[in-house]
Amino acid sequence: METRAVYPGSFDPVTNGHIDLIQRSAALFDKVIVAILRNRDKTPFFTVEERTEMLEMAVRDLKNVSVTSFNGLLVDFVERLGASVIIRGIRAISDYEYELQMALMNRRLSSKVETVFMLPAESYSYLSSRLVKEISQLGGSIHGLVPADVENRLCSRFRTK
Ligand code: PNS
């Protein structure tokens, strides 16, 4: 039977660390659905549409990967897709506490869905969307940390401000 995995997140914006995890997941599962959370309290930097475009561009060569967005409870969305796995990346021990809490809560909400923790390449272990935005805003180089398309979008957004 086909194993579908959902990789949820804010992806505001997607970084090379996210892409590294998507590539690793695509090699493990039959289908990987990258899912952008829509209903966030905090105002995102990029709209869901922009984040979708950036992700679609970044995964265009991975045939078993698709990009979508979701509202509401993650486990409900995962079940609706007929998926059985949630992928989450762990960069450092500091991520673990929050991820453990979410994984166990999701397990309580649905026993049919399993969370799989994956490690990005070491070179991305200190990378985050938040830092990328901050560095770009302050005029630093984010080259090699995000796809070229994302780098261009960030640079032009901050240059016009
Ligand atoms: O990239 P992020 O911001 O760390 O992703 C967090 C995300 C989207 C995975 C999490 O906020 C989530 O699953 N939200 C959906 C609502 C939900 O199911 N909440 C209960 C989680 S136990």
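For the structure given in this document, a descriptive report is provided here.

The rules we used
- Residues numbered from 1 in each chain as written.
- Predicted model: local features only at pLDDT ≥ 70, side-chain atom pairs only at ≥ 80, totals over all residues.
- Heavy atoms only, no water.
- Near = heavy atom within 4 Å.
- Polar contact = N/O pair within 3.5 Å; in protein donor to acceptor, adjacent residues only side chain to side chain.
- Areas by Shrake-Rupley, 256 points an atom, 1.4 Å probe, with all protein chains shown as cover.
- 1 Å grid on protein atoms, 1.4 Å probe; cavity = no way out; pocket = protein on both sides within 12 Å on 5 of 7 lines; lining within 4 Å.
- Sits in = over half its atoms within 2 Å of the grid points.
- Helix = DSSP H or I, 4+ residues; strand = E, 2+ residues; numbered from the N terminus.
- Nonpolar A, V, L, I, M, F, W, Y, C, P; charged D, E, K, R; others polar.
- Salt bridge = Lys/Arg side-chain N within 4 Å of Asp/Glu carboxyl O.
- Buried < 20%, exposed > 50% of the residue type's maximum accessible area, 1.4 Å probe, protein only.
- Phe/Tyr/Trp six-rings, centres within 6.5 Å; stacked < 30°, edge-to-face > 60°.
- Lys NZ or Arg CZ within 6 Å of the ring centre and 35° of its normal.
- Patch = residues over 30% accessible without salt bridge, like charges linked within 9 Å, V, L, I, M, F, W, Y side chains within 5 Å.
- Axes fitted to C-alpha atoms, helices over the stretch in contact; angles between N-to-C directions.
- Contact = heavy atoms within 4.5 Å.

Some points on the site of the ligand
Logical step 1: In the vicinity of the ligand lie 14 residues, with Gly9, Ser10, Arg40, Leu74 and Arg88 positioned nearest.
Logical step 2: One of the side-chain nitrogen or oxygen atoms of serine 10 is found 2.6 Å away from an oxygen atom of the ligand.
Logical step 3: One nitrogen or oxygen atom from the side chain of arginine 88 is found 2.9 Å from an oxygen atom belonging to the ligand.
Logical step 4: Expressed as a share of its isolated accessible area of 550 Å², the protein-covered part of the ligand is 78%.
Logical step 5: When each cavity is represented as a set of grid points, the ligand is found to reside in the largest pocket.
Logical step 6: Elements supplying a minimum of two residues to the shell around the ligand: β1 (4–9) and α4 (93–109).
Logical step 7: Take the shell around the ligand: its biggest share by element is four residues, from α4.
Logical step 8: Among the residues forming the shell around the ligand, the class breakdown is eight nonpolar, four polar and two charged.

Comments concerning the pattern of salt bridges
Logical step 1: Taken as a whole and judged by the stated rule, the model has 14 salt bridges.
Logical step 2: Between aspartate 12 and lysine 133 there is a salt bridge whose closest N-O contact spans 3.5 Å. With a gap of 121 residues between them, aspartate 12 in the loop between β1 and α1 (16–28) and lysine 133 in helix α5 (residues 129–137) connect regions that are remote in the sequence.
Logical step 3: Judged by relative accessible area, which is 9%, aspartate 12 ranks as buried.
Logical step 4: The salt bridge partner of arginine 107 is glutamate 114, with a shortest N-O separation of 3.1 Å.
Logical step 5: Judged by relative accessible area, arginine 107 falls into the partly exposed class, the value being 47%.
Logical step 6: Bridged by salt links that share partners, the residues Glu2, Arg4 and Lys31 form one connected network.

Description of the packing of aromatic side chains
Logical step 1: All chains considered together, the criterion is met by five aromatic pairs.
Logical step 2: Ring pairing ties together the aromatic residues Phe45, Phe46 and Phe158, which thus form one cluster.
Logical step 3: The cationic tip of arginine 157 hangs over the ring face of phenylalanine 45; the distance from NZ or CZ to the ring centre is 4.2 Å.

Remarks on unusual backbone geometry
Logical step 1: Looking along the chain, the bond that leaves aspartate 12 and enters proline 13 is cis, with omega of 0°.
Logical step 2: Structurally, proline 13 is set in the loop between β1 and α1.
Logical step 3: A positive phi is found at phenylalanine 11, a non-glycine position, where the angle reads about 50°.
Logical step 4: Of the residues examined, phenylalanine 11 reaches a relative accessible area of 3% and is grouped as buried.

Remarks on a nonpolar patch on the surface
Logical step 1: Among the surface-exposed residues, Ile93, Tyr96, Leu100, Leu104 and Phe117 lie close enough to one another that they form a single nonpolar patch of about 480 Å² accessible area.
Logical step 2: Ranked by residue count, the leading element in the nonpolar patch is α4, at four residues.
Logical step 3: Relative to the elements of secondary structure, phenylalanine 117 occurs in strand β5 (residues 114–118).
Logical step 4: Of the residues examined, phenylalanine 117 reaches a relative accessible area of 31% and is grouped as partly exposed.

Section: the packing of helix α2 (residues 48–58) against helix α6 (residues 148–159)
Logical step 1: Running from N to C, α2 and α6 point in directions that differ by 150°, and their axes come no closer than 9 Å. Taking contact as the criterion, the partners of Glu50, Glu53, Met54 and Met57 in α2 are, on α6, Asp149, Val150, Arg153 and Arg157.
Logical step 2: Taken together, the residues of the contact of α2 with α6 sort by class into three nonpolar, no polar and five charged.

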